Structures are given as C-alpha cells and as structure tokens.
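# Results of the structural survey
One letter stands for each residue in the lines below.
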Amino acid sequence: MTTTIRSTGVIGAGQMGNGIAQVMAQAGMDVVLSDISADALSTAMALIRRNLDRQVEREKITADDRDQALARISTTHDMARVGATDLVIEAATENEALKLRIFEDLMPHLQEHTFLTTNTSSISVTRLASATDRPDRFMGIHFMNPVPVMKLVELIRGLSTSNETFDTINEVVRRIGKTAAVAEDYPAFIVNRILVPMINEAVYTLFEGVGCVSSIDQAMKLGANHPMGPLELGDFIGLDTCLAVMNVLYHGLSDSKYRPCPLLVKYVEAGWTGRKAGRGFYDYSTVPPTPTR
C-alpha cells in the first residue's frame, strides 16, 4: 500500500537540499525548503533558478515548466510549515547530533500522517528513527550529488520501517525519475561503503608520497576510466563529509582498514574542505584549479 505524497518539506538548503527541492518541485510536489540561514535559502533559490534556466536553454524543459517548478517552492525558517507537509526529508550536514536536534525541534509540528526521512550518507537509520515519535514511518533516502543529474537514490529501511513507508518512498523515487537501490542499514550503506574508502586510500597514496595530486587523479581517470579523480571527487563531495563517513565506518565496523588518513584529518582541521571552501586538494581560486600538493 502506498500513500500519495503531495507536499514535501526539505530541511537544509545546502548542495543536497536545494537539489532535492528542485527535483521534487519538477515532479509536481509543493516544496517547503527550510534552513536556519536566510543567505543559504536565497543562494539555494538562485541556484535552482540557474539550473532550471540551463534546462530551458538545452530544451529539456519549457519556460512554463521552469516557472511552475519555481512557484511550487517556498522557503521558511518555521518548522511548523515544514511539519505540515506529507513527507519531510532531512538534508542537513552529516552530523548525528545535529540531525537529532533537528528531529527534536521538528516532532511537535509533524502531522500524524507525515513520513519522516533522512538523507544521511552513512549514519544508522535505525538509531536516528528511534529518537523520533514515528520509527515505523521513518527511513533513509540517500540522494547522490548533484541531485538533479544523478539517477540513483539509496533506500534504507530502519528496523521498524513499515511496508507502507517503504512502498510510499519507493514510489516517490520512481515519480522523480530516479532509480532506487535498496541497502541494508549498515554503516555507509552501499555507495559510500565502497566510494569513500577509495577516496581515503587515494589520500593515503598522497600522504605516503606514492604520487602527487595530479598524478593520482590522472591515473584513475585514464587508468580506470573514472570521470573524476578520487582527490578531485573528495573536494567535490566535501572533505569534511568524507571524514565523517570514514569515522562512521571506522567506529561502526571496528576495522582498521577504515582508519581515516591523517592527511585527510589535517585538511579538515585547516578548513580546507574542498570546492565549497575554495581549497582542498586543489586551490579553486585559479582557473583551472591548482593542485595543493
């Protein structure tokens, strides 16, 4: 049995949240996009408009499609407006304590029928669900970055997730034109269980002097046919996010092969978290970006 989702609340207007808001609106759902930062909300709406303008220029959608999608998105700081929707997607930073605070603030405002989901890329869905008043109506819906482009969504059931919840969210994924991959609730699920340790190993390769940034990335692009080198990809994802995932794997599985590289830790400590910070394994103040090691 599925429930028709007509409205969606998205918490977090960063690179994931704004993409999620866009694809939901383009699929015909009313979207309430929330963030504590007014600047983040205005930046998100400007980015969504640019993305839709680009689709119009490429004749993938019409100008009327763009205008209707934009009209379906409203922004707010008010959790009550978010809680009034049929489906809430939490898309905040990959920090468990932060996510738990968000759910605590949100719960008094949720409608009885509202489904609650998290876009976590690594944290236990069961553990997050247990902190809410509706573990049976809670699950993981992990989008890939950039959301409007990437076709995959990981669906993760918590221990208490009901069949109705799973079927409803699976139908939402189909409705927005994505393909679902169902993952068990183990640290980092499928994609990041494989992808982020590869990035971490690339950082170890740099740390140990096996190759420089450009050599490592070129080797994987030309030698393994990857569209982006692992260090460039780490910068794109955000090195702080990569470190958070590695820590979840390391502590969750108690296996030394998941130990975060000390160099990755140092970059995050320095605030060199990648593209969003203007510096990571590449310096983005230059065109093209310059390797930093």
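Residues numbered from 1 in each chain as written. Predicted model: local features only at pLDDT ≥ 70, side-chain atom pairs only at ≥ 80, totals over all residues. Heavy atoms only, no water.

## Remarks on the nonpolar core
One recurring pattern in soluble globular proteins is that nonpolar side chains are buried together. Within the largest apolar cluster, 35 residues are counted, with the highest numbers of intra-cluster contacts made by Ile 20, Met 24, Leu 33, Ile 141, Phe 143 and Leu 155. At the level of secondary structure, the elements contributing two or more residues to this core comprise α1 (15-26), β2 (30-34), α2 (38-57), α3 (63-71), β4 (87-90), β6 (138-143), β7 (152-157) and α7 (163-175). Looking at which element gives the most residues to this core, the answer is α1, with six residues. Not counting chain neighbours up to four residues away, the residues in contact with Leu 33 comprise Val 10, Gly 12, Ala 13, Gly 17, Ala 21, Leu 41, Ala 44, Ile 73, Ser 74, Thr 75 and Thr 76. In terms of nonpolar packing, the next biggest core, distinct from the first, is built from 20 residues, Ile 11, Met 79, Val 82 and Ile 102 among them. (Core = buried A, V, L, I, M, F, W, Y, C linked by side-chain atoms within 4.5 Å. Buried < 20%, exposed > 50% of the residue type's maximum accessible area, 1.4 Å probe, protein only. Helix = DSSP H or I, 4+ residues; strand = E, 2+ residues; numbered from the N terminus. Contact = heavy atoms within 4.5 Å.)

## Let's talk about the packing of helix α10 (residues 230-237) against helix α11 (residues 239-253)
Packing of α10 against α11 leaves a shortest axis separation of 6 Å and a crossing angle of 100°. Put simply, α10 runs roughly perpendicular to α11. Along its contact with α10, which presents Gly 234, Asp 235 and Ile 237, the element α11 presents Leu 239, Thr 241 and Cys 242. The residue inventory of the contact of α10 with α11, partitioned by class, reads three nonpolar, two polar and one charged. (Axes fitted to C-alpha atoms, helices over the stretch in contact; angles between N-to-C directions. Parallel < 35°, antiparallel > 145°, perpendicular 65-115°, else oblique. Nonpolar A, V, L, I, M, F, W, Y, C, P; charged D, E, K, R; others polar.)

## What to know about the environment of Ser 214
Inspection of the secondary structure puts Ser 214 in helix α9 (residues 213-223). Under the relative-accessibility criterion, Ser 214 is labelled partly exposed at 37%. With 206 residues separating them along the chain, Ser 214 and Thr 8 place their C-alpha atoms 42 Å apart. In contact with Ser 214, other than residues within four places in its own chain, are Tyr 282 and Pro 291.

## Comments concerning the domain arrangement of the chain
Domain assignment breaks the chain into domain 1 (7-184) and domain 2 (192-291). Relative to domain 2, the C-alpha centre of domain 1 lies at a distance of 26 Å. Listed per partner, the contact involves eight residues of domain 1 and seven residues of domain 2. Run the count over domain 1 and domain 2 and you get zero salt bridges. Applying the counting rule to domain 1 against domain 2 returns two residue pairs in polar contact (both at pLDDT 80 or more). Of the residues assigned to the side of domain 1 that touches domain 2, the class counts are two nonpolar, five polar and one charged. (Domains from an automatic or database assignment. Salt bridge = Lys/Arg side-chain N within 4 Å of Asp/Glu carboxyl O. Polar contact = N/O pair within 3.5 Å; in protein donor to acceptor, adjacent residues only side chain to side chain.)

## Quick notes on a positive patch on the surface
Together, Arg 50, Arg 54, Arg 58, Lys 60 and Lys 151 make up a positively charged patch on the protein surface. Note that Lys 151 resides in the loop between β6 and β7. Relative accessible area serves as the criterion here: at 56%, Lys 151 is assigned to the exposed category. (Patch = residues over 30% accessible without salt bridge, like charges linked within 9 Å, V, L, I, M, F, W, Y side chains within 5 Å. Areas by Shrake-Rupley, 256 points an atom, 1.4 Å probe, with all protein chains shown as cover. Lys, Arg positive; Asp, Glu negative; His and termini not counted. Charge placed at Lys NZ, Arg CZ, Asp CG, Glu CD.)

## Quick look at the UniProt feature "binding site: NAD(+)" (unreviewed entry) in the chain
In the numbering used here, UniProt assigns the feature "binding site: NAD(+)" (unreviewed entry) to Gly 12, Ala 13, Gly 14, Gln 15, Met 16, Gly 17, Asp 35, Glu 94, Lys 99, Ser 121, Asn 145 and Lys 276. Position of Ala 13 among the secondary structure elements: in the loop between β1 (7-11) and α1. Apart from residues lying up to four places away in sequence, Ala 13 is in contact with Asn 18, Leu 33, Ser 34, Asp 35, Ala 40, Leu 41 and Ala 44. By secondary structure assignment, the location of Ser 121 is in the loop between β5 (115-118) and α6 (125-130). (UniProt positions renumbered as here; feature names shortened; annotations may be inferred.)

## Concerning the pattern of salt bridges
For the coordinates displayed, the defined rule picks out 13 salt bridges. The salt bridge involving Glu 171 is made with Arg 174; its shortest N-O contact spans 2.5 Å. Here Glu 171 and its partner Arg 174 are both found in helix α7, three residues apart, which amounts to about one turn of the helix. Of the residues examined, Arg 174 reaches a relative accessible area of 52% and is grouped as exposed. The shortest N-O distance in the salt bridge between Arg 279 and Asp 283 comes to 3.8 Å. For Arg 279, a relative accessible area of 27% corresponds to the partly exposed category. In this structure, a network of salt bridges that share partners links the residues Asp 53, Arg 66 and Asp 67.

## A look at the sheet that holds β4
If you walk across this open sheet you meet the eight strands as β3-β2-β1-β4-β5-β6-β7-β8, and the pairing is mixed. On the outer flanks of this sheet lie β3 (73-76) and β8 (179-183), each paired with one strand and no other. Adjacent strand axes in the sheet meet at a mean angle of 25° when their direction is disregarded. Bridging between β1 and β2 involves five bridges; their strand directions are parallel. Across the sheet, the residue bridging to Ile 11 is Ser 34, located in β2. Seen against the sheet, α1 touches β1, β2, β3, β4 and β6 and runs at an angle of roughly 170° to β2. (Pairing = 2+ DSSP bridges.)

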